[in-house]
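This is what each chain is made of:
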Amino acid sequence: MDKSGCCVVQGAVSYAKIYGEAELLDHLCARIVSNALNLSEHPFGNYVVQYVIELRMEAVNGRIVNRLIGNHVGLSMSKYGSNVVEKCLRICGDKEKAV
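Each chain has its residues counted from 1, following the order in which its sequence is written. Totals for whole chains, interfaces and linings use every residue, but because this is a predicted model, local features are given only for residues with pLDDT of at least 70 and side-chain atom pairs only at 80 or more, for both listing and counting. For the side-chain quantities, the full set of heavy atoms in the structure was used; hydrogens and water were omitted.

Undergrad: Quick one: what's the story with the overall build of the protein, residue by residue and with numbers?
TA: The secondary structure listing takes helices from DSSP runs of H or I that are at least 4 residues long and strands from runs of E that are at least 2 residues long, numbered from the N terminus. When its secondary structure is counted, the protein shows 8 helices and 0 strands. Its helices and strands taken in sequence order, the protein reads α-α-α-α-α-α-α-α from the N to the C terminus. On the principal axes, the C-alpha backbone points of the protein span a range of 35 × 30 × 20 Å. Buried, partly exposed and exposed residues are distinguished by accessible area as a fraction of the type maximum, computed with a 1.4 Å probe on protein chains only: under 20%, between the cut-offs, and over 50%, respectively. Counting over 99 residues, the protein shows a buried share of 36%. Residue contacts follow a heavy-atom distance rule, with two residues in contact if any of their heavy atoms lie within 4.5 Å. Once local pairs closer than 6 in sequence are excluded, the contacts in the protein between residues at least 24 apart make up 64%. Summed over its atoms, the accessible surface of the protein is roughly 5,900 Å², and 53% of this surface lies on carbon and sulfur atoms. Mean positive and mean negative side-chain charge positions of the protein (11 and 10 charges, respectively) differ by 4 Å. Surface accessibility follows the Shrake-Rupley procedure with a 1.4 Å probe radius. Residue values consider only the protein chains on display as shielding. Charge convention: Lys and Arg are scored as positive, Asp and Glu as negative, and His as well as the terminal groups of each chain are ignored. To locate a charge, take NZ of a lysine, CZ of an arginine, CG of an aspartate or CD of a glutamate.

Below is the structure:
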């Protein structure tokens, strides 16, 4: 979860999406979703979560939002987590926003 690692993960997600590597993309997104709360609170990890949200993969975004349920207030008051909450509010659909 350092700056370089987060850049590598973003690059891997981008590669998998652009080149249709569905299995790799699913694996990377599953790991990001399972660690979404910790990543959202981290100085560099929050950029990974925001990046995935920006890809507008509805199912993945829904799983990210579900992982953050019950933590929105705390994240909103966090320097890094607030960026993730804001990104969710801007990009996620009405279904995810209602959660």
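Having seen the model, we can carry on.
Undergrad: Explain the packing of helix α4 (residues 45-54) against helix α7 (residues 81-91) to me, using residue names and the numbers behind them.
TA: Across the interface, α4 lies against α7 with an axial gap of 9 Å and an inter-helix angle of 5°. Taken as axis vectors, α4 and α7 run roughly parallel relative to one another. Together, N46, V49, Q50, I53 and E54 of α4 and N83, V84, K87, C88 and I91 of α7 make up the contact between the two elements. Residue classes follow a fixed rule: Ala, Val, Leu, Ile, Met, Phe, Trp, Tyr, Cys and Pro count as nonpolar, while Asp, Glu, Lys and Arg count as charged, and any other residue, Gly among them, counts as polar. For the contact of α4 with α7, the per-class residue count stands at 5 nonpolar, 3 polar and 2 charged. Orientation is described by lines fitted to C-alpha atoms, with helices fitted over the stretch in contact, and by angles between N-to-C directions that extend from 0 to 180 degrees. Under this scheme an angle from 65 to 115 degrees is roughly perpendicular, one under 35 degrees roughly parallel, and one over 145 degrees roughly antiparallel; angles in between are oblique.

Undergrad: Just give me the short version of the packing of aromatic side chains, but keep the residues and values in it.
TA: Here the aromatic set is Phe, Tyr and Trp, taking the six-membered ring for Trp, and pairing holds for ring centres within 6.5 Å; pairs whose planes are under 30 degrees apart are stacked, those over 60 apart are edge-to-face, and all others are tilted. In the structure shown here, the tally under the stated rule is 1 aromatic pair. A ring pair is formed by Y15 and Y19, whose centres lie 4.9 Å apart and whose planes are at 40°; its orientation type is tilted. Looking at Y15, the relative accessible area reads 42%, which means it is partly exposed.

Undergrad: So what's going on with the UniProt feature "repeat: Pumilio" (unreviewed entry) in the protein? Residues and values would help.
TA: Within this structure's numbering, the places UniProt gives as "repeat: Pumilio" (unreviewed entry) are residues 31-66 and 67-99. The span residues 31-66 is 78% helical and 0% strand by assignment, and the distance between its end C-alpha atoms comes to 14 Å. UniProt positions are given in the numbering used here, feature names are shortened, and annotations may be inferred rather than shown by experiment.

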